[in-house]
Amino acid sequence: MESMASLETIIIDEEQVQEQNIALASSNSLVVIPEDDYKWNKYGQRYIKSLQKNRSYFRCVYNICKARKKVDWPPNEPNNLDISYEGDHNHGALAADHS
DNA sequence: CGCATTTGACCCGCGC
DNA sequence: GCGCGGGTCAAATGCG
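Parameters at a glance
- Residues numbered from 1 in each chain as written.
- Chains lettered and ligands numbered in written order.
- Predicted model: local features only at pLDDT ≥ 70, side-chain atom pairs only at ≥ 80, totals over all residues.
- Heavy atoms only, no water.
- UniProt positions renumbered as here; feature names shortened; annotations may be inferred.
- Near = heavy atom within 4 Å.
- Polar contact = N/O pair within 3.5 Å; in protein donor to acceptor, adjacent residues only side chain to side chain.
- Nonpolar A, V, L, I, M, F, W, Y, C, P; charged D, E, K, R; others polar.

Looking at an unreviewed UniProt entry, one finds chain A named WRKY domain-containing protein and attributed to Dendrobium nobile. If you open the UniProt record of chain A and go to Subcellular location (unreviewed entry), you find "Nucleus".

This is the structure:
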């Protein structure tokens, strides 16, 4: 469906993404988000007409903490991510570490 | 099997 | 009063 104009320029190394960033993508929109010590569950994704940007909503997967993460980025340039962390965690840093 | 993720619909608030 | 936008939640599905 996509004409694939010049999206080649935004190709990112999958390995690099897997090493230091979290790649939240389907196939079209590649979003590289710098993870933290917290885990988040995506609870919605919407395209903001007003800003002409995509907005992803993430929430902390912990003790109902009010911490929320919002990520906005232009559908044309996933490299221009705009991440906003708001709220406060009621627990220490979550850890995806299994050791 | 569990978890994570995605999409849709619904709701609410605000603006005009 | 109505419309639109934005935001959230829920459910379902897929994959590991």
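The structure having been displayed, the exposition proceeds.
K.L.:
Please explain the protein's contact with DNA strand B as it appears in this structure.
P.N.:
Contacts to DNA strand B come from Lys39, Trp40, Lys42 and Gln45. Within the side chain of Lys39, an N or O atom sits 2.7 Å from a phosphate oxygen of DNA strand B. Between DNA strand B and Lys42, the relevant distance is 2.9 Å, taken from a phosphate oxygen to a side-chain nitrogen or oxygen of the residue. Of the residues assigned to the surface near DNA strand B, the class counts are one nonpolar, one polar and two charged.

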